[in-house]
Amino acid sequence: MKKRMDIVLAGSGGCMREIVWQIQEQNKIQTTWKVTGYVDCKEPDNGLGIKVGGQVITYLGDDDFLLQQKEQVNVVICTGVPALREKIAKKLMQNPNIRFPNLILGNTRICEDVKMGIGCIISMDARISTNVSIGNFVFMNTGSMVCHDGCVEDFVTLSPDVKLAGNVKIGECSELGIGTKVIQGINIGKNVVAGAGSVIVKDIEEGHTIAGVPASKIK
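Residues numbered from 1 in each chain as written. Predicted model: local features only at pLDDT ≥ 70, side-chain atom pairs only at ≥ 80, totals over all residues. Heavy atoms only, no water.

Visitor: Describe the overall build of the protein chain, and please don't skip the residues or the numbers.
Guide: From N to C terminus, the protein chain includes 3 helices and 25 strands. Relative to the 2.2 N^0.38 estimate, which gives 17 Å for 219 residues, the radius of gyration of the protein chain is 17 Å and therefore close to what a compact globule would have. Projected onto its principal axes, the C-alpha coordinates of the protein chain cover approximately 50 × 40 × 35 Å. For the protein chain, the proportion of its 219 residues judged to be buried stands at 46%. Here the analysis covers contacts within the protein chain between residues at least 6 apart in sequence; of these, 29% occur between residues at least 24 apart. Summed over its atoms, the accessible surface of the protein chain is roughly 10,800 Å², and 50% of this surface lies on carbon and sulfur atoms. (Helix = DSSP H or I, 4+ residues; strand = E, 2+ residues; numbered from the N terminus. Rg over C-alpha atoms; globule rule 2.2 N^0.38 Å. Buried < 20%, exposed > 50% of the residue type's maximum accessible area, 1.4 Å probe, protein only. Contact = heavy atoms within 4.5 Å. Areas by Shrake-Rupley, 256 points an atom, 1.4 Å probe, with all protein chains shown as cover.)

Structural data, given as structure tokens:
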């Protein structure tokens, strides 16, 4: 039986609550993760925590709670915004006692030759095919897919139902909106934002915001 891991969640928004729900669903089959609480810069109105389903996730304090930990603690950063995830990660990494496990949730399919960094969230129903490289603190939301020979760099966010065909590269801190599709062999630069439902059929330079079918730069 897989050993249960205690984790603390960083963040209190919708992303955090979605992740708690997915953990709850996974634990119905096998208890794998135990959420011991969450940290956030804003204290909850009730002073206690946030309710997700029938469970109250206890508020532990702000980031200082984690930065002051003297023993090893596992942390998952729960925000879909790449720049914010990067900012939180760099801050928390000041404490060597903080560990960032990869959170692999229900009904995922990941080829055994996939290379993955730390702090990633791979949500339920995600698919990662053969010879794929996943960087650090990547967030693959529900139903997203990376096909063969892909490369997804650090802090990238793939929203629900994003589909990357084979040999696609996504530069760090890019964010692809819900339902985005990318054809084979495309390179997308750093800090790119793709609007919901975009279909990307040509390379995108870094820093651009794009949308449409086919996707084009938004002026």
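This is not the end of the story, as more comes after the structure.
Visitor: Can you break down the sheet that holds strand β25 (residues 216-217) residue by residue, with the values?
Guide: The strands making up a sheet are joined through hydrogen bonds of the backbone, oriented either antiparallel or parallel. Strand order in this open sheet of 8 strands is β7-β10-β13-β16-β19-β22-β24-β25, and the pairing throughout is mixed. Of all the strands in the sheet, just β7 (103-104) and β25 have a single pairing partner and so form its edges. Bridge count for β7 against strand β10 (residues 121-122) is 2 bridges, and the pairing is parallel. When the bridges of β10 are listed, I104 appears paired with I122. (Pairing = 2+ DSSP bridges.)

Visitor: Which residues make up the side chain of S198, and what values do they have?
Guide: Turning to its location among the elements, S198 is positioned in the loop between β22 (193-194) and β23 (199-200). Polar side-chain contacts of S198 include one of 2.6 Å to the backbone oxygen of G195. (Polar contact = N/O pair within 3.5 Å; in protein donor to acceptor, adjacent residues only side chain to side chain.)

Visitor: Please give an account of the pattern of salt bridges that cites residues and values.
Guide: Going through the model one piece at a time under the given rule, you end up with 4 salt bridges. The salt bridge partner of D63 is K91, with a shortest N-O separation of 3.3 Å. Placement of D63 in helix α2 (residues 63-67) and of K91 in helix α3 (residues 82-92) is noted, with a sequence separation of 28 residues between them. Residue classification places K91 among the partly exposed residues on the basis of a relative accessible area of 34%. (Salt bridge = Lys/Arg side-chain N within 4 Å of Asp/Glu carboxyl O.)

Visitor: Break down the sheet that holds strand β17 (residues 163-164) for me, with residues and values.
Guide: Within the open sheet, the 6 strands sit side by side as β8-β11-β14-β17-β20-β23. Their pairing is parallel. The open sheet is flanked by β8 (109-110) and β23, the only strands paired with a single partner. In this structure, strand β11 (residues 127-128) lies alongside strand β14 (residues 145-146), joined through 2 bridges in parallel fashion. Within β14, the residue paired with I128 across the bridge is V146.

Visitor: Help me get a handle on α3, residues and values and all.
Guide: Among all positions of α3, only P82, R85, E86, I88, A89 and L92 are buried. Angular distribution of buried residues about the axis of α3 spans 170°; they occupy a single face of the element. Summarising the geometry of α3, the exposed residues directed more than 90 degrees from the buried face are A83, K87 and K90. (Arc of directions from axis to C-beta.)

Visitor: Tell me about the layout of surface pockets, and please be specific about residues and values.
Guide: There is about 300 Å³ of room inside the largest pocket. Surrounding the largest pocket, 16 residues form its lining, G11, D40, C41, L84 and I88 being those nearest its centre. For the lining of the largest pocket, the secondary structure elements donating two or more residues are α1 (14-29) and α3. The dominant element in the lining of the largest pocket, judged by the number of residues it contributes, is α3, at 4 residues. Split into classes, the residues belonging to the lining of the largest pocket amount to 7 nonpolar, 5 polar and 4 charged. Taken as a whole, the second largest pocket encloses approximately 160 Å³ of empty space. E25, Q26, I29, G106 and N107 are the residues nearest the centre of the second largest pocket, which is lined by 10 residues in total. Grouping the amino acids of the lining of the second largest pocket by side-chain chemistry returns 2 nonpolar, 6 polar and 2 charged. (1 Å grid on protein atoms, 1.4 Å probe; cavity = no way out; pocket = protein on both sides within 12 Å on 5 of 7 lines; lining within 4 Å. Points joined across faces, edges and corners; volume = space filled by probe spheres on them. Nonpolar A, V, L, I, M, F, W, Y, C, P; charged D, E, K, R; others polar.)

Visitor: Quick one: what's the story with the packing of aromatic side chains, residue by residue and with numbers?
Guide: Taken as a whole, this structure holds 3 aromatic pairs when the rule is applied. Considering the side-chain rings of F100 and F137, the 5.2 Å spacing of their centres and the 75° angle between planes classify their relative orientation as edge-to-face. Separated by 37 residues along the polypeptide, F100 in the loop between β6 (98-99) and β7 and F137 in the loop between β12 (133-134) and β13 (139-140) bring together distant segments of the chain. In this pair, the class of F100 matches that of F137, namely buried. Put simply, the rings of F100, F137 and F155 touch in pairs and so form one group of aromatic residues. (Phe/Tyr/Trp six-rings, centres within 6.5 Å; stacked < 30°, edge-to-face > 60°.)

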